[in-house]
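Fold and geometry: a report
Each chain is listed here by its residues.
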Amino acid sequence: MLDQLLKPERVVLDLKARTKEDVLKELVDVLDLPEDKKEILLVTLKKREAIGSTGMGKGIAIPHTRSLVVEDVHLVIGRSREGVEFDAIDGKPVHLFFLLVAPPQDPGTTYLLTLGRIANLARKLARTRDYLEIDDPGEFVAYLTRLEQEEAQ
Amino acid sequence: MKKLPFLLMALQDLEATEEDVKREDYRSIFPVPHQAIEREKERLRDEIRKMGGERVLERYERLKQQYGKSIVLTVGGICFHCFAVLPTSLEASQQEGLLECPNCGIFLYQTDEEEA
Ligand SMILES: [Zn+2]
């Protein structure tokens, strides 16, 4: 199910950002949206973080929101080998980010299902940390797809 | 300049998240306390009030009651709520570039790609 959203061009393997706000910005920047929509999305993502960090611990975060400015569900992946302080629940720096955005109305509930799939995947990823070793976005996507299918069994 | 519509959209999006947070499948991943959402919504409302948006907030609530939403995008010169064709030169009201649909009254946000 995630394979429809996972795209090499939506994977940033070396995030330049060093702060929470800059990470969100760098991830949003990957989306094909006009500047003002990016800005609106960023405002909303920051509000979502304000009600509780999406840093779920063990180096992984899933910043997400619904937003009027997107028409479909989008996923962007970012990795930082150095790690970024993200107010994660375990207080540890975050190395892997899954940015998930969805329109306000989403009759197929793709968004919430996807969020669940990513959370499952994150638990599995946290065990080995192999994701820190891969250097090619295409390979990264293939790795995640493989891992997700294992999960489904 | 477009700050007010940005804040209204953020408020509306946060209310959509509020609905998600009520769901068990969401709560099992991110157990967000209800008070945290209320607090952020109030913060947003305060920001809107500070910009002189008291009347805008009242209207926002009324539209939400009426339509289930208060602000939509204009897409191709059309109100994305009632699908009325909008006049080419929609006059911005005094509230910081906040537009209203002349047909259904909903708040409109015209994105940069439309203005180009
Ligand atoms: Zn209308």
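Overview of the structure. Each chain has its residues counted from 1, running along the sequence as written. Here every chain gets a letter starting at A, and every ligand a number starting at 1, in the order they are written. Restriction of local features to residues with pLDDT of at least 70 applies here, the model being predicted, together with a cutoff of 80 or more for giving and counting side-chain atom pairs; totals for whole chains, interfaces and linings are based on all residues. To obtain the side-chain values, all non-hydrogen atoms of the structure were included, while hydrogens and water were left out.

Thoughts on the pairing of strand 5 (residues 74-84) of chain A
Residue and element names in this part refer to chain A. Applied cut-off: Each residue is assigned to one of three classes by its accessible area relative to the maximum for its type, calculated with a 1.4 Å probe on protein chains only: buried under 20%, partly exposed between the two thresholds, exposed over 50%. We count a stretch as a helix when DSSP gives it H or I for four or more residues in a row; a strand needs E for two or more, and each element gets its number in order from the N terminus. In this scheme, strands are said to pair when DSSP sees at least two bridges between them.
With respect to burial, strand 5 is a largely interior element, eight of its eleven residues being buried. Here strand 1 (residues 11-12) pairs with strand 5 via two bridges, running parallel. Across the sheet, Val 11 pairs through a bridge with Ile 77, a residue of strand 5. As paired strands, strand 5 and strand 6 (residues 94-102) are joined by seven bridges and run antiparallel to one another. Each bridged residue has a counterpart across the sheet, and for Ile 77 the counterpart in strand 6 is Phe 98.

Description of the packing of aromatic side chains
Basically, it comes down to this: Aromatic contacts are taken between Phe, Tyr and Trp rings whose centres are within 6.5 Å, Trp giving its six-membered ring; a plane angle under 30 degrees counts as stacked, one over 60 as edge-to-face, and the others as tilted. Placement of a positive charge over a ring is assigned whenever Lys NZ or Arg CZ falls within 6 Å of the ring centre and within 35 degrees of the normal to the ring plane.
By the definition in use, this model includes four aromatic pairs over all chains. Between B:Phe6 and B:Tyr109, the ring centres sit 5.9 Å apart and the planes meet at 75°, which makes this aromatic pair edge-to-face. Taken as a pair, B:Phe6 in helix 1 (residues 3-21) and B:Tyr109 in strand 4 (residues 107-109) lie far apart in primary sequence, 103 residues in all. The residues B:Phe6 and B:Tyr109 share a single accessibility class, namely buried. Seen in terms of ring centroids, B:Tyr26 and B:Phe30 are 6.1 Å apart; in terms of plane orientation they differ by 50°. Their pairing is tilted. Look at B:Phe30 and you get buried, because its relative accessible area is 5%. Its end group placed over the ring of B:Phe30, A:Arg48 keeps NZ or CZ at 5.6 Å from the ring centre. Against the face of B:Phe107 rests B:Arg59, its NZ or CZ located 5.7 Å from the ring centre.

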